[in-house]
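# Coordinate inspection notes
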Amino acid sequence: MNDSSATGKSAWLRLVILAILASIAVIILTPWGVEVSHDGVLYLAAAEGLLTCRGISWISGEGAIKPLTHFPPLYLSLLAAIGLTGLDIVFAARMFAATLIGINVFLTGWIVARTTRSEGWSLFAALLVLTSPVLLRQHLRAMSEAPFMAFSLLWLMSLGAYLRRPSHRRLLVACAAVSGALLTRYIGVSLVAATGIALLLLGSDVWWRRFGRAAGAMALAYLPIVPWYIRNWALTGNATNRVLIFHPPEVARLKQGVASMSAWLLPEQVPLWVRLGFLGFMGILVLGAQVLICRLQTRGKASPQDQNAIHTLALALVGMICYGAVLIASLTFFDAATPIDNRLLSPIYLLALIYGLVSLWLVQRRLRLGHGFALSLGLAGAALVALNLARSAAIGEQMRGEGAGFTARRWRTSETVDLVRRLPDSVEVYTNEMLGLSFLAGRPVFPVPEKIDPVKAQERAGFPEALAAMREDLLGGEAILVIFPPLSKMVEMPSLEEVAGGLSVYQETSDAQIYAAPGFEPLP
């Protein structure tokens, strides 16, 4: 990976080709559509709400229009904008996902190219994003992680450019990127903090000017989401649909996060202790590189190109630390049920990838390591790309064959969904998969009352009354109960005995059990 000019037309063209290949790959891998989870249903429903002039809202089980406040509005608004062309909203999500992976492949390669001036390093960075199973999975979902990563990369690129050559235009672009991230995910507030810290610590002016610039940039980046908070508060009395309750993450949840990170470089089939050891070894190497970088900085031996690399590293590091801190704070005070998995950690993964590559490039450059080191590094990089490609191929095979989430083959061909779709409107339907069943059947569906509030990790208020009302409808012969397994593994749900006691198993389909009162009239 020898240095060469990496910001010319040839490097730009190669990155564009890789970006197009990434977009084509996502289209090929999603014949059933991108994965639509419970949150994905809400995004798509709210996007359709915009298209039908219903507003940013979703339709609850009883058919009531509910304003969506749990997520910021930008991702669903972009889906709705694509839907204006007449495309089905699920297909629009698929096309948007394909576009986003291309954007993220290109931006990662371009950031490394501008930092290292090495075409080899920039193409390697783009290839790692293109083949990464962690990132591929996030781009195969109708979720906001992919656009959030795009705004994060734009922030890293524009604020790095500002630190190299300060100008109001570059700073405004950086603030716009932060605003975009915050309007995509509430955790984008981490980039607001990262921007202020970076301007305060990395600026070259006197301290009071740096402080004023940092405060101004943070305010400017935060301002666009304020009307959304006001709208949410006016409609629901809560700005983000979250309640402040102290519930620190359990040890098991923290272990889940560590296990997820340990599989970034090695497959999950490798024993955990081996993955943790390898991750620790790589961490030591990066820490050593950071020590060297700090020595260069303090001794004043950094060239302008080295200084650019140091700025990129500092921004990536601050971004990771702020994201991690806000994530832990959210898990401790707001979202008790959020799993610390690769979906949540993917922005850290992407910044860590850039941080690691730029660190290795800087060490190679400053220590003047010879062709032997470059060859070893190239072989290790090729092995990593090949390993990533094999892991991503397994994900692609599963997506092409069966799909995932509520757009998967088993849901699109579900006997139960077809049955519920054909029910007369007079028959009410209760189910433990309210969002998915209503999304696919296209009719109001009532949820089985949750016993535990997964966000607060407490028993849900009004559960006994809600359960009694549901059972009254069921035992009165006015409704049916559709249970998709496994109900027993959903910790927030009541037991099967609590919800179906006294009812008969009226019909068993290939994917669910249907309960009704004894003597209930036959289903069509």
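Coordinates for the structure precede this section.
These numbers come from a predicted model, not from an experiment.

Before going further, it helps to examine the overall build of the protein. A tally of helices and strands in the protein yields 21 helices and nine strands. Its C-alpha atoms give the protein principal-axis dimensions of about 85 × 50 × 45 Å. Expressed as a percentage of the 524 residues in the protein, the buried residues total 51%. Residue pairs at least 24 apart in sequence account for 73% of intrachain contacts in the protein once pairs closer than 6 positions are excluded. Of the roughly 23,500 Å² of accessible surface on the protein, a fraction of 65% belongs to carbon and sulfur atoms.

It is worth spelling out the environment of Gly396 at this point. Among the structural elements, Gly396 can be located in helix H16 (residues 371–401). In this structure Gly396 comes out as buried when scored by relative accessible area, which is 5%. Along the chain, Gly396 and Ile340 lie 56 residues apart, while their C-alpha atoms are 23 Å from each other.

This part covers the pairing of strand S8 (residues 504–508). Where S8 meets strand S9 (residues 513–516), four bridges bridge the pair, whose relative direction is antiparallel. What sits directly across from Glu508, in S9, is Gln513. The hairpin turn running from S8 into S9, its antiparallel successor, is four residues long.

Take the pattern of salt bridges next. The full count for this structure, using the stated rule, is 10 salt bridges. One salt bridge in this structure joins Arg141 and Glu35, with 3.2 Å as the shortest N-O distance. Of the two residues, Arg141 is situated in the loop between helix H6 (133–138) and helix H7 (145–164) and Glu35 in the loop between helix H1 (9–29) and helix H2 (38–51); the sequence distance between them amounts to 106 residues. We note a salt bridge from Arg343 to Glu145, for which the minimum N-O separation is 2.6 Å. Highlighted residues: Arg343 in helix H15 (residues 342–366) and Glu145 in helix H7, separated in sequence by 198 residues. Grouping residues by exposure puts Arg343 and Glu145 together as buried.

Counted by the stated rule, this structure contains zero disulfides. The structure places no disulfide on Cys175, whose sulfur is separated from the nearest cysteine sulfur, that of Cys322, by 15 Å. For Cys175, a relative accessible area of 3% corresponds to the buried category.

The subject of this paragraph is helix H19 (residues 434–441). Counting buried residues in H19 gives seven out of eight residues, a clear majority hidden from the surface. Among the residues making up H19, those that are buried are Met434, Leu435, Gly436, Leu437, Ser438, Leu440 and Ala441. Where H19 is buried, its residues contact H2, strand S1 (57–59), helix H17 (409–412), helix H18 (415–421), strand S3 (428–431) and strand S4 (446–447).

Throughout the structure, instances matching the rule amount to 13 aromatic pairs. For the ring pair Tyr43 and Tyr75, a centre distance of 5.0 Å and an interplane angle of 85 degrees mean the geometry is edge-to-face. Note that Tyr43 is positioned in helix H2 and Tyr75 in helix H3 (residues 74–83), a separation of 32 residues in sequence. A ring pair is formed by Phe406 and Trp411, whose centres lie 5.0 Å apart and whose planes are at 75 degrees; its orientation type is edge-to-face. Exposure class is identical for Phe406 and Trp411. Each is buried. Taken together, the aromatic side chains of Tyr43, Phe71, Tyr75 and Phe96 make up a single cluster linked through ring pairs.

Glancing now at a nonpolar patch on the surface. Taken together, Trp12, Leu13, Ile17, Ile20, Leu21, Ile24 and Ile28 make up a surface patch of nonpolar side chains, about 650 Å² in accessible area. On the secondary structure map, Ile17 appears in helix H1.

Judged by nonpolar contacts, the single largest core of 132 residues is most densely connected at Leu68, Leu79, Trp155, Leu159, Val429, Ile480 and Val482. Among the elements that make up this core, the one with the highest residue count is helix H4 (residues 89–116) (14 residues). Membership of the second largest hydrophobic core comes to 15 residues, among which are Phe446, Val448, Met493 and Leu503.

Here the focus is unusual backbone geometry. Phi at Cys53 takes a positive value of approximately 60 degrees, unusual for a residue other than glycine. Here Cys53 lies in the loop between H2 and S1. Its identity as a non-glycine residue notwithstanding, Asn241 has a phi of 60 degrees, on the positive side. Its location among the elements puts Asn241 in the loop between helix H11 (226–236) and helix H12 (251–262). Asn241 gets classed as partly exposed once you look at its relative accessible area, which sits at 43%.

About the criteria used
- Residues numbered from 1 in each chain as written.
- Predicted model: local features only at pLDDT ≥ 70, side-chain atom pairs only at ≥ 80, totals over all residues.
- Heavy atoms only, no water.
- Helix = DSSP H or I, 4+ residues; strand = E, 2+ residues; numbered from the N terminus.
- Buried < 20%, exposed > 50% of the residue type's maximum accessible area, 1.4 Å probe, protein only.
- Contact = heavy atoms within 4.5 Å.
- Areas by Shrake-Rupley, 256 points an atom, 1.4 Å probe, with all protein chains shown as cover.
- Pairing = 2+ DSSP bridges.
- Salt bridge = Lys/Arg side-chain N within 4 Å of Asp/Glu carboxyl O.
- Disulfide = S-S within 2.5 Å.
- Phe/Tyr/Trp six-rings, centres within 6.5 Å; stacked < 30°, edge-to-face > 60°.
- Patch = residues over 30% accessible without salt bridge, like charges linked within 9 Å, V, L, I, M, F, W, Y side chains within 5 Å.
- Core = buried A, V, L, I, M, F, W, Y, C linked by side-chain atoms within 4.5 Å.

By themselves, these figures tell us nothing about what the structure is for.
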